[in-house]
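Examining the three-dimensional arrangement
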Amino acid sequence: ALILLDVHMPGLGGFETARYITARERTRHIPIIFLTAFAADVEEVFRGYAAGAVDYVTKPFEPEVLRSKVAVFVALHRERAQRLEAMAAQAKAEAATETIRKLQSLSDAALAHLDLDELLAEVLARIRELFAADTAGIALTADAAAGEGGGGGGGGSGAPGLELRAADGLERLATDADPAAVEPQTLVAQAAATSRPLVFSRR
């Protein structure tokens, strides 16, 4: 909530210490109250404020006076913490609302009028936005694709029975008209094989 700092300390003085405190991102917001025995030294007071002090207490001082000053800063600190908690809660609620909005977009009635390939491409784009993914793909089994009137899709070294029907982001369809078998080295194939999203430390 605050730092009580004696002006005159052996080694590193109070003003130097205050400058270190106010220069650090983690501590620069903490108010500093200086304690000093030099009540008449106006220049000393100005040096204290220049170094980051918000208040000054001269020695000897009444303990009740110091306690009352500390109580004020503690109350301000608690009020600030409560405001930050409220802001964090509001941000969390807004994020949840946005997520719900994106989820609802997956069941948009307008999607019902699209054919399968158009539907997959549109839904995939929305899913990728929802999860903030760099790339995503939808692969269907060859039987499911054939049942929907899809192409036979190449064989070769692709993942067994999977055809890439929609891709968005880093990976793309070779051709929209003829979906290809999923190649085992692709990100989509790796995700399909593990049934988990792939997360990399760098792109």
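Residues numbered from 1 in each chain as written. Predicted model: local features only at pLDDT ≥ 70, side-chain atom pairs only at ≥ 80, totals over all residues. Heavy atoms only, no water.

**Focus: the overall build of the protein**
Helix and strand counts for the protein stand at six helices and five strands. For the protein, the sequential pattern of α-helices and β-strands runs β-α-β-α-β-α-α-β-α-β-α. Evaluated residue by residue, the protein yields a buried proportion of 27% over its 203 residues. Taking contacts inside the protein between residues at least 6 apart in sequence as the whole, the part at least 24 apart equals 51%. (Helix = DSSP H or I, 4+ residues; strand = E, 2+ residues; numbered from the N terminus. Buried < 20%, exposed > 50% of the residue type's maximum accessible area, 1.4 Å probe, protein only. Contact = heavy atoms within 4.5 Å.)

**Some thoughts on the sheet that holds strand β2 (residues 32-36)**
Across the sheet, three strands lie side by side as β1-β2-β3; this open sheet has parallel pairing. At either margin of the open sheet sits one strand with a lone partner, and together these are β1 (3-6) and β3 (53-58). Strand-to-strand twist in this sheet, taken as the mean axis angle between neighbours without regard to direction, amounts to 25°. Here helix α3 (residues 63-105) sits on the sheet and contacts β1, β2 and β3; the angle it forms with β3, its principal contact strand, is near 165°. (Pairing = 2+ DSSP bridges. Axes fitted to C-alpha atoms, helices over the stretch in contact; angles between N-to-C directions.)

**Describing the packing of α3 against helix α4 (residues 116-131)**
Here α3 crosses α4 at 165°, and the two axes come no closer than 9 Å. Comparing the axis directions of α3 and α4 gives the class roughly antiparallel. The way α3 lies across α4 gives a crossing that is left-handed. Contacts between α3 and α4 involve Thr99, Arg101, Lys102, Leu103 and Ser105 from the first element and Arg126, Glu129 and Leu130 from the second. (Parallel < 35°, antiparallel > 145°, perpendicular 65-115°, else oblique. Left-handed = near helix turned anticlockwise from the far one by under 90°.)

**Points about the packing of aromatic side chains**
This structure, assessed with the given rule, holds one aromatic pair. Ring geometry for Phe15 and Phe34: centres 5.3 Å apart, planes at 65°, overall edge-to-face. With Phe15 in helix α1 (residues 14-23) and Phe34 in strand β2, the pair connects residues that are 19 residues apart, well separated along the chain. By relative accessible area, Phe15 is classed as buried at 5%. Assessed through its relative accessible area of 0%, Phe34 is described here as buried. (Phe/Tyr/Trp six-rings, centres within 6.5 Å; stacked < 30°, edge-to-face > 60°.)

**Some details on the nonpolar core**
One finds Leu5, Val7, Phe15, Ala18, Ile21, Ile32, Phe34, Ala51, Ala53 and Tyr56 forming the largest nonpolar core, which totals 10 residues. Counting only elements with at least two residues in this core, the list comes to α1, β2 and β3. With three residues, the top contributor of residues to this core is α1. (Core = buried A, V, L, I, M, F, W, Y, C linked by side-chain atoms within 4.5 Å.)

**Structural notes on the side chain of Thr135**
Mapped onto the secondary structure, Thr135 falls in strand β4 (residues 135-141). Among the polar contacts listed, one links the side chain of Thr135 to the backbone oxygen of Asp168, at a separation of 3.2 Å. Within polar-contact distance, the side chain of Thr135 engages the backbone nitrogen of Leu170 at 3.1 Å. Not counting the four nearest positions on each side in its chain, Thr135 is found in contact with Arg128, Asp168, Gly169, Leu170, Glu171 and Leu187. (Polar contact = N/O pair within 3.5 Å; in protein donor to acceptor, adjacent residues only side chain to side chain.)

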